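# Notes for the structure review
Given next are the chains, with one letter for each unit.
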Amino acid sequence: MKKLLALLLTLTMVVSMAACTKKEDPATNTPGSSTDSPKATATTAPTAAPKKVTLNVTTTYAGNDGNAQNYQDAVANWEKSTGNKVNDSSSTSDETFKARVLADFETGSEPDVLFFFNGVDSNAFVQAGKVVSIDEIRQSYPDYASNMKDGMLGASPVDGKNYSVPVNGYWEGMFVNKEVCKAAGVQIPDANTTWDQFLETCQKIKDAGFAPIAVSLATVPHYWFEFSIYNFLSPSTHNVLPKNTTDTQGQAWVNGINDIKMLYEKGYFPENTLTGTDDETVQLFIDNKAAFLIDGSWKVGGIEGLTTDIDNFTVTYVPGKGDRKTTDIIGGLSSGYFISKKAWEDPDKRAAAVDFITSMTSDELVSKFAQVSATALKNGPTVDESKLSSLAKDGLKYVKGATGMASAVEDQVPRECRVPVFDGMPNLVTGKNDIAEAIQSVLDLTAAQ
Amino acid sequence: MTAHIYKNKKPIIFFLAPAFAFIIVFLYYPFIQNIINSFQEIAGLGSAAKGWQDPWYSNYTALLKDETMRIALKNTLIMLLVTVFGQVGIALLLSILTDRVSHGAKFFRVVYFFPIVISATALGLLFFLIVLYDKGMLNQLREFFGATKLVDFKSKPYALFTMMIPVMWQYVGFYFIILVTGLNNISSELYEAASIDGATPYQQVKYLSLPLLRNVICTCVVLAVTGSLKVFDLPWTLFPKGMSDTWLTGSYMFYQVFNANNVDYSSAIAVVIVFLGVVLSKLVNTIFKEKEY
């Protein structure tokens, strides 16, 4: 009896282990997962996916992103037309998202397709050869991204090669709540407003009982970081990384963060700026409790989704000082769709991934996503202004009126190296940590990379 | 008796081997590797070590000078006290009260146990909405009672309190169930005899329930102490990146590896957490030595 029981248990264990083995991801068992697969599949016709697959996709089209709904609709359409599925893990674009994606690559659980930053943020997985270059993709799929200007795709800082296909570019500007400005009796800042005039305006708004500037220094200090240091530089010098805190750029960084500290000390930020999330402070802005919000072009759609009175909002230039004109803005094409090497080496997923990106970067969808922002389309975006909200039209005027544009300097600094300034911003503005030392730490960490 | 049933030990070893191999591969090997990592220089998660630190113990000397680590240790020790007195203490009180009610005992058991089945992330979001600055439940209640100024419950000096209350609340049910089971194991005849002898309910608890629950309470305290060193998910949801100096050893370790990409340093923090866990469990075991009845 005991022997029979032991035999039964052994059999159960063997069968269950065998069953577990069979449940492995088909991708790992397919012939295509072997090292010689790319060559083998390169000869296959680069048409539709040969087999229905589930693509793991991650993007920043989530949360308050203005294109979150457009993205979901586009994915649903693609799923319907191809029969493939998308396992979507999109998330709001913040430091946690970046950390998660990089950790996924490092631990071998990267997505098949990702919409990610093409600057230094992607250096780690580009260097590790975990994404496929557009040149390599075009060897099998010659028409891949052929509707885009190659020079604007956003070459990797690692080797100058293009790895990603951008959708919509970005600009950063200052959104304004008109009702708060009206209630405080102040003029909405425009192309001629100086930094000193802006400070006077903030004081009046504060005296009227509103928060002048909606910002979460705890979670998203990026935009104020950019414009504050931009105020001590110019479009041609903003994008140069300092060597130390005493050179021109380094001094600009120190002075810029000192300006943020000054704004904090004057009480121009919300009371919970050191503890609130970005969503919380944006909501203050939407709820007519704060006047200004610096954010990106993606926020146009975000605000449209959050308010029932879009005409109450506009976008204008961040008041400047020094060499930077008020109309000098920050913008560029900093993100794009990558295909991971893992997906590329899977013959079924390879075709599906190419098809997915081709679909998501078609002229029609790019125009829909981009609306008021820049694109790399050869034919340019087709925007029907009659369908745009007043805020989106203001966004178009904002870009047209720009006298200079620099891309965000944060893109020059690897994510983990920004920690002393970005994560440490609450301690910098409260004087707990020294600003120059924090910047030097950022530069040292960057240099060590 | 049982020792004689299985004279042939080979089948036992055969069935124990997979679990043993599993624990070696997925627990002890990573643990030893983690100790080695803490002395090495590692550029990023998944990257090979560049070599040994110079000097090899430099992560540990850095830990001694790290102010954030000091804050994390201090907060973790506070969390430990909150866990022991808050979680186990309240659970003990609730279990004794529930044990003595004649009606609705099952209802209370379900109610108190319920938070355990909710994920920590969901609980974090729940409390996030409760303590929200603008339109949060607490501030709305305050406004209802006439307060004119909003309070930021996530700022100092409220932050630690705001973080620890949900953690405490979450696990009360866990210890409650263990203690209720312990109370159920006490023979009702003892209570009947005590009652006939004229013992009041308070005396019954003091001279019967508590002494007979001693070993169960000891187990709960050991679990609470080791658990408090690992608390991470709920505080991280409420206070990401140690906002308002709410660092705990667990959250600081996570931050160092996933945000600062400082893998070797976070390995050193992990070693400190394990070291503290072993020392504190030993201490608790010594203080609450189990008794044979």
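Residues numbered from 1 in each chain as written. Chains lettered and ligands numbered in written order. Predicted model: local features only at pLDDT ≥ 70, side-chain atom pairs only at ≥ 80, totals over all residues. Heavy atoms only, no water.

Okay, the overall build of chain A next. What chain A contains, in helices and strands, is 20 helices and 10 strands. Among the 449 residues that make up chain A, the fraction classed as buried is 54%. In chain A, 78% of the contacts between residues at least 6 apart in sequence involve partners at least 24 apart. Split by element, the accessible area of chain A, about 18700 Å² in all, is 52% carbon and sulfur. (Helix = DSSP H or I, 4+ residues; strand = E, 2+ residues; numbered from the N terminus. Buried < 20%, exposed > 50% of the residue type's maximum accessible area, 1.4 Å probe, protein only. Contact = heavy atoms within 4.5 Å. Areas by Shrake-Rupley, 256 points an atom, 1.4 Å probe, with all protein chains shown as cover.)

This paragraph deals with the overall build of chain B. Looking only at helices and strands, one finds 13 helices and 2 strands in chain B. Projecting the C-alpha coordinates of chain B onto the three principal axes gives extents of approximately 75 × 75 × 30 Å. Expressed as a percentage of the 293 residues in chain B, the buried residues total 42%. Here chain B displays about 16800 Å² of accessible surface, and carbon together with sulfur accounts for 70% of that area. Computing the positive centroid from 22 side-chain charges and the negative centroid from 16, chain B places the two 4 Å apart. (Lys, Arg positive; Asp, Glu negative; His and termini not counted. Charge placed at Lys NZ, Arg CZ, Asp CG, Glu CD.)

On to the packing of helix H11 (residues 248–265) of chain A against helix H20 (residues 435–448) of chain A, then. All names here are of chain A. Interaxial distance between H11 and H20 falls to 10 Å at its minimum, and their mutual angle equals 130 degrees. Taken together, the axis directions place H11 and H20 in an arrangement best described as oblique. The way H11 lies across H20 gives a crossing that is right-handed. When H11 is examined against H20, the residues Trp253, Val254, Ile257, Asn258 and Lys261 are found in contact with a partner set consisting of Ile435, Ala436, Ile439 and Val442. (Axes fitted to C-alpha atoms, helices over the stretch in contact; angles between N-to-C directions. Parallel < 35°, antiparallel > 145°, perpendicular 65-115°, else oblique. Left-handed = near helix turned anticlockwise from the far one by under 90°.)

This part is about the UniProt feature "domain: ABC transmembrane type-1" (unreviewed entry) in chain B. Annotation from UniProt places "domain: ABC transmembrane type-1" (unreviewed entry) at residues 73–284 of chain B. Helix makes up 77% of residues 73–284 of chain B and strand 0%, and the two end C-alpha atoms of the span are 18 Å apart. (UniProt positions renumbered as here; feature names shortened; annotations may be inferred.)

Generally speaking, a soluble globular protein has its nonpolar side chains buried in company with each other. Ranked by size, the top nonpolar core spans 73 residues in total, and within it A:Phe175, A:Ile213, A:Trp224, A:Phe285, A:Phe292 and A:Val421 carry the most contacts. Looking at this core element by element, the count peaks at 6 residues for helix H10 (residues 222–230) of chain A. Sequence-distant contacts of A:Phe175, defined by excluding residues within four places in its chain, comprise A:Phe285, A:Ala291, A:Phe292, A:Leu293, A:Asp295, A:Gly296, A:Lys299, A:Val300, A:Ile303, A:Thr314, A:Val315 and A:Leu391. The next biggest cluster of nonpolar side chains, apart from the first, holds 43 residues, and it includes B:Leu63, B:Val172, B:Ala194 and B:Cys220. (Core = buried A, V, L, I, M, F, W, Y, C linked by side-chain atoms within 4.5 Å.)

With that out of the way, let us pick up helix H12 (residues 278–286) of chain A. Where burial is concerned, most of H12(A) is hidden: 7 out of the 9 residues are buried. For H12(A), the set of buried residues is A:Asp278, A:Glu280, A:Thr281, A:Val282, A:Leu284, A:Phe285 and A:Ile286. Contacts made by the buried residues of H12(A) are with strand S4 (170–177), strand S6 (290–296), helix H13 (299–306) and strand S7 (313–316) of chain A together with helix H6 (120–130) of chain B. Looking one or two residues beyond H12(A), the residue adopting positive phi is A:Asn288, at roughly 60 degrees.

All right, on to the interface of chain A and chain B then. Listed by partner, the interface residues are 26 residues for chain A and 26 residues for chain B. Of the roughly 2300 Å² buried at the junction of chain A and chain B (both faces included), carbon and sulfur atoms supply 52%. Contact with chain B buries surface across chain A, with A:Glu106, A:Glu271 and A:Thr275 losing the most and accounting together for 23% of the total. There are 5 salt bridges connecting chain A and chain B. A salt bridge links A:Lys289 to B:Asp134; the shortest N-O distance between them is 2.9 Å. (Buried area = accessible area lost by both parts, 1.4 Å probe. Salt bridge = Lys/Arg side-chain N within 4 Å of Asp/Glu carboxyl O.)

Before going further, it helps to spend a moment on the UniProt feature "transmembrane region" (unreviewed entry) in chain B. Residues and elements named next belong to chain B. On the UniProt side, "transmembrane region" (unreviewed entry) is annotated at positions that read residues 12–31, 77–98, 110–133, 158–180, 212–232 and 265–284 here. Structurally, residues 12–31 comprises 100% helix and 0% strand, and the distance from its first C-alpha atom to its last is 27 Å. When the span residues 265–284 is considered, its composition is 100% helix and 0% strand, and the gap between its end C-alpha atoms is 29 Å.

So, on to the state of the cysteines. All names here are of chain B. Summed over all chains, the structure comprises 0 disulfides over all chains. In this model Cys218 remains outside any disulfide bridge; the closest cysteine sulfur is found in Cys220, 9.2 Å from its own. Judged by relative accessible area, Cys218 falls into the buried class, the value being 3%. (Disulfide = S-S within 2.5 Å.)

On to the sheet that holds strand S3 (residues 113–117) of chain A. Residue and element names in this part refer to chain A. Read across the open sheet, the 4 strands follow the order S2-S1-S3-S9; overall the sheet is mixed. Each end of this open sheet is capped by a strand with a single partner; those strands are strand S2 (85–88) and strand S9 (335–339). Here the average twist between neighbouring strands, direction ignored, is 25 degrees. For strand S1 (residues 54–58) and S2, the ladder comprises 4 bridges, and the chain directions are parallel. (Pairing = 2+ DSSP bridges.)

Attention now goes to unusual backbone geometry. For the bond running from B:Asp54 to B:Pro55, omega is -10 degrees, close enough to zero to count as cis. When you line up the elements, B:Pro55 lands in the loop between strand S2 (49–52) and helix H3 (58–65). For the bond from B:Lys156 to B:Pro157, the omega torsion is 5 degrees, close enough to zero to count as cis. Here B:Pro157 shows up in the loop between helix H7 (137–144) and helix H8 (159–184). For A:Asn288, which is not glycine, the phi torsion reads 60 degrees and is therefore positive. Tracing the backbone shows A:Asn288 in the loop between H12 and S6. With a relative accessible area of 24%, A:Asn288 lands in the partly exposed category. Backbone geometry at B:Asn261 places phi at a positive 60 degrees, although glycine is not the residue there.

Before going further, it helps to spend a moment on the domain arrangement of chain A. All names here are of chain A. Split into domains, chain A comes out as domain 1 (54–169 + 333–381) and domain 2 (172–331 + 399–447). Between the C-alpha centres of domain 1 and domain 2 the distance comes to 28 Å. In this assembly, 14 residues from domain 1 lie in contact with 18 residues from domain 2. Summed over the shared surface of domain 1 and domain 2, the number is 2 salt bridges. (Domains from an automatic or database assignment.)

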